[in-house]
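Residues per chain are reported as follows:
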Amino acid sequence: MVEELTSKERDEIRSLLQPFLGDAGAEAMVTVLERIVAREAHLARKDIQDLRELSQQLIEGQRQIQAALLQLAQAQAHTEERVGRLEEAIVRLAEAQARSEERLARLEDVQAQTVERVGRLEEAVARLAEAQARSEVLLAETRERVSRLEEAVARLAEAQARSEVLLAETRERVGRLEEAVAQLIEAQARTEKAQQRMEKALVRLDRQVGGLSETVGGDIEDIAYIVLHDVLQREFGWKVGVLERSWKVWGGREVEINLLGQAHDPSQPNRVIWIVGEAKHNFTLKEARKFAHRVEQARKHLEGTVFPVCFCYRARPEVQDFILDNGFALVFSYGRMKMKR
């Protein structure tokens, strides 16, 4: 640091300058030098003070930087900890995703099973609807048969009055008739109740329909025997022989045919015509397909022309289309015939 001139230094400088400048000049020069030295000392002190202040600022800045570095290190440690937790969360998420995919696969299997079960349920409902339709037709026929049975009871009563010998037999038959009528009434009540709880009464309804169909089926076949004779005579001029239920063994299996017999065409005396028919109250699509298979068997095993005919009280439009598209004749109970010619 620059200091001010001492007295010894002034005297030495003055003595050096005096030979050249004289006393006055040397004194003036010393004075100038003192001023220069004082100024430089002042500037040096100011620079040192500034340097001290700058040093303090640098020290404070260093301290702040160290504090910031410490905070940054802590933040880095916290970040690494959070990254660790994030990695663990990602691992758990991956495991959860794997479990979700596994559950989704099981759900797809369950969904496929559900679709299959719904399909079976729809088929069961369709069969149930067909059974209900047949039940309604059969119940109507049952009422008609009950009326005929009541007439028969009246005739039995008259026969009882005429013959005491037949009294016991008549009473027994009347008893059976009363039981049958009671059973029919109970069956009717169960059928009406089954419309509200169809699933629970399905087995019982099938037994009732099965029992009634055997009885009523014989009636429609008897009607078909008569009506087909008139229709085929009117439409084609054929002479139809006896039509009856028949069983044939074709391909090693016994096949039942509702209506089987031969017809004769006077315009073609040498032509052999087989009448192969099926009689149903309400022809369904399932029964029509089954009959089509039976016609194929008949054409393979019967020599001559096979004339397939479906006889019924009614058939839905889609059933009629199936019958006609297969080239079969469709004859209704009131004598109308439909056929693609």
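This write-up is about the structure you can find in this document. (Residues numbered from 1 in each chain as written. Predicted model: local features only at pLDDT ≥ 70, side-chain atom pairs only at ≥ 80, totals over all residues. Heavy atoms only, no water.)

### Structural notes on the overall build of the protein chain
Okay, so step 1: Across its full length, the protein chain carries five helices and seven strands.
Okay, so step 2: Going from the N terminus to the C terminus, the protein chain shows its helices and strands as α-α-α-β-β-β-β-α-β-α-β-β.
Okay, so step 3: The buried share of the protein chain, taken over its 341 residues, is 27%.
Okay, so step 4: Entry remark: accessible area of the protein chain is about 23500 Å², with carbon and sulfur atoms responsible for 53%. (Helix = DSSP H or I, 4+ residues; strand = E, 2+ residues; numbered from the N terminus. Buried < 20%, exposed > 50% of the residue type's maximum accessible area, 1.4 Å probe, protein only. Areas by Shrake-Rupley, 256 points an atom, 1.4 Å probe, with all protein chains shown as cover.)

### Things to note about the side chain of R294
Okay, so step 1: On the secondary structure map, R294 appears in helix α4 (residues 285-301).
Okay, so step 2: Polar contacts involving the side chain of R294 include one to the side chain of E278, which spans 2.7 Å.
Okay, so step 3: Residues contacting R294, with those up to four places away along its chain left out, are W250, V255, E256, I257 and E278. (Polar contact = N/O pair within 3.5 Å; in protein donor to acceptor, adjacent residues only side chain to side chain. Contact = heavy atoms within 4.5 Å.)

### Some words on helix α5 (residues 317-325)
Okay, so step 1: Buried residues of α5: V319, Q320, I323 and L324, and no others. The arc that holds every buried residue of α5, seen down its axis, measures 130°, which confines them to one face. Within α5, the exposed residues directed more than 90 degrees away from the buried face are P317 and D325.
Okay, so step 2: Considering only its buried residues, α5 is in contact with β4 (268-283), α4, β5 (305-315), β6 (329-332) and β7 (337-338).
Okay, so step 3: G327 sits one or two positions beyond α5 and adopts a positive phi of about 80°. (Arc of directions from axis to C-beta.)

### A look at α4
Okay, so step 1: For α4, with 17 residues, the first-to-last C-alpha span of 25 Å sits near the 24 Å given by 1.5 Å per residue.
Okay, so step 2: Taken together, the buried positions of α4 are occupied by E287, A288, F291, A292, R294, V295, Q297 and A298. (Expected span 1.5 Å × (residues − 1).)

### Comments concerning the pairing of β5
Okay, so step 1: Most of β5 sits inside the fold, with eight of its eleven residues counted as buried.
Okay, so step 2: The sheet contact formed by β4 and β5 spans ten bridges and is parallel. Directly across from V276, in β5, lies its bridge partner P308.
Okay, so step 3: This β-α-β element, β4 to α4 to β5, shows right-handed connectivity.
Okay, so step 4: In this sheet, β6 lies alongside β5 in parallel orientation, the contact comprising four bridges. Considered in β6, the bridge of F311 is made with V331.
Okay, so step 5: Between the parallel pair β5 and β6, the chain is carried across by α5, and the sense of this crossover is right-handed. (Pairing = 2+ DSSP bridges. Right-handed = clockwise from strand over helix to strand, strands pointing away.)

### Examining a nonpolar patch on the surface
Okay, so step 1: On the surface, a cluster of nonpolar side chains totalling about 480 Å² of accessible area is made up of F20, L21, M29, V32 and I36.
Okay, so step 2: Note on placement: M29 falls in helix α1 (residues 7-162).
Okay, so step 3: The exposure class of M29 is partly exposed, given its relative accessible area of 33%. (Patch = residues over 30% accessible without salt bridge, like charges linked within 9 Å, V, L, I, M, F, W, Y side chains within 5 Å. Salt bridge = Lys/Arg side-chain N within 4 Å of Asp/Glu carboxyl O.)

### Description of the nonpolar core
Okay, so step 1: Counting residues in each nonpolar core, the largest one holds 23 residues, and the members touching the most others are V276, F283, L302, C310, I323, F328 and L330.
Okay, so step 2: Listed by contribution, the elements that provide at least two residues to this core are β3 (253-265), β4, α4, β5, α5 and β6.
Okay, so step 3: Tallying contributions element by element places α4 first for this core, with five residues.
Okay, so step 4: The contact partners of F283, leaving out residues within four places of it in the chain, are E278, A288, C310, F311, C312, R314, A315, R316 and V319.
Okay, so step 5: In this structure, V227, A263, I273 and V309 belong to the second largest nonpolar core, which totals 21 residues. (Core = buried A, V, L, I, M, F, W, Y, C linked by side-chain atoms within 4.5 Å.)

### Section: the pairing of β3
Okay, so step 1: With two bridges connecting them, strand β1 (residues 239-240) and β3 associate as antiparallel partners. The partner of V240 across the bridge, within β3, is A263.
Okay, so step 2: Bridge analysis of strand β2 (residues 244-250) against β3 gives six bridges, and the strand direction is antiparallel. Note that in β3 the partner of K248 across the bridge is V255.
Okay, so step 3: Linking β2 to β3, which pair antiparallel, is a turn of two residues; within it G251 sits at a positive phi near 65°.
Okay, so step 4: Judged from the six bridges that link them, β3 and β4 form a sheet pairing that is antiparallel. Following the sheet pairing, L260 is matched in β4 by V276.
Okay, so step 5: Counting the residues between successive antiparallel strands, the hairpin from β3 to β4 contains two residues.

### Some points on the side chain of D265
Okay, so step 1: Among the structural elements, D265 can be located in strand β3.
Okay, so step 2: One polar contact links D265 to S267, side chain to side chain, over a distance of 2.8 Å.
Okay, so step 3: Residues contacting D265, with those up to four places away along its chain left out, are W238, R271 and I273.

### Quick word on the packing of aromatic side chains
Okay, so step 1: With the rule as written, the count across this model stands at five aromatic pairs.
Okay, so step 2: When the centroid spacing of 4.7 Å and the interplanar angle of 25° are considered together, the rings of F236 and W238 count as stacked.
Okay, so step 3: With centroids separated by 5.2 Å and ring planes inclined at 80°, the aromatic side chains of W238 and F307 adopt a geometry described as edge-to-face. Remark: F307 occurs in strand β5 and W238 occurs in the loop between α3 (202-236) and β1; sequence separation between them is 69 residues. An identical accessibility class is assigned to W238 and F307; each is buried. (Phe/Tyr/Trp six-rings, centres within 6.5 Å; stacked < 30°, edge-to-face > 60°.)

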